[in-house]
Amino acid sequence: QVQLVESGGGLVQAGGSLRLSCAASGSIRSINAMGWYRQAPGKQRELVAAITSGGTTNYADSVKGRFTISRDNAENTVYLQLNSLKPEDTAVYYCNAEIRHIVIANYWGQGTQVTVSS
């Protein structure tokens, strides 16, 4: 059994910052890529940022320069630092990870709400 548990969402004013965390637990042999997605009301889920096991990152154009993804491989945890937040960043943020348990599979967290007020 593998679980991803997110934390760190909340309500913040425009220009503010938040830090999201996502910890993977269970019978984990290894973790490949980890990432953050978001889904705003009435919109499709979209990739925000991703990071490989070696630390290579990529970002959606809309968050480049404002968000930073990082991971702690020893703790099986991925982070997303959100700076200079805008109202359009309001969404449910989901953690995703490619994890080798018995076979490699994709896992999702339960989601954490980020609300940015103008």
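A. How the structure looks around the state of the cysteines. Here the structure, examined in full by the defined rule, presents one disulfide. What pairs with Cys22 in a disulfide is Cys95, and their sulfur atoms sit 2.1 Å apart. As the torsion about the S-S bond is roughly -80°, the Cys22-Cys95 disulfide counts as left-handed. Of this pair, Cys22 sits in strand 3 (residues 18-26) while Cys95 is found in strand 9 (residues 91-100), placing the two residues 73 residues apart along the sequence. Accessibility expressed as a relative area gives 0% for Cys22, which makes it buried. What makes Cys95 buried here is its relative accessible area of 0%.

B. Molecular detail of the side chain of Thr77. With respect to the helices and strands, the residue Thr77 is situated in strand 8 (residues 77-82). Exposure remark for Thr77: the relative accessible area of 7% places this residue in the buried category. Here Glu75 takes part through its backbone oxygen, which lies 2.9 Å from a polar atom of the side chain of Thr77. The contact partners of Thr77, leaving out residues within four places of it in the chain, are Cys22, Ala23, Met34, Ser70, Arg71 and Asp72.

C. Expanded view of the packing of aromatic side chains. For the coordinates displayed, the defined rule picks out one aromatic pair. Each ring, one from Tyr37 and one from Trp108, has its centre 5.0 Å from the other, and the planes form 65°; the classification is edge-to-face. Of this pair, Tyr37 sits in strand 4 (residues 30-39) while Trp108 sits in strand 10 (residues 104-108), and the two are 71 residues apart along the sequence. The exposure class assigned to Tyr37 is partly exposed, which follows from its relative accessible area of 24%. When the ring centre of Tyr94 is taken as reference, the NZ or CZ atom of Arg45 above it lies at 3.7 Å.

Cut-off values and rules
Residues numbered from 1 in each chain as written. Predicted model: local features only at pLDDT ≥ 70, side-chain atom pairs only at ≥ 80, totals over all residues. Heavy atoms only, no water. Disulfide = S-S within 2.5 Å. Helix = DSSP H or I, 4+ residues; strand = E, 2+ residues; numbered from the N terminus. Buried < 20%, exposed > 50% of the residue type's maximum accessible area, 1.4 Å probe, protein only. Polar contact = N/O pair within 3.5 Å; in protein donor to acceptor, adjacent residues only side chain to side chain. Contact = heavy atoms within 4.5 Å. Phe/Tyr/Trp six-rings, centres within 6.5 Å; stacked < 30°, edge-to-face > 60°. Lys NZ or Arg CZ within 6 Å of the ring centre and 35° of its normal.

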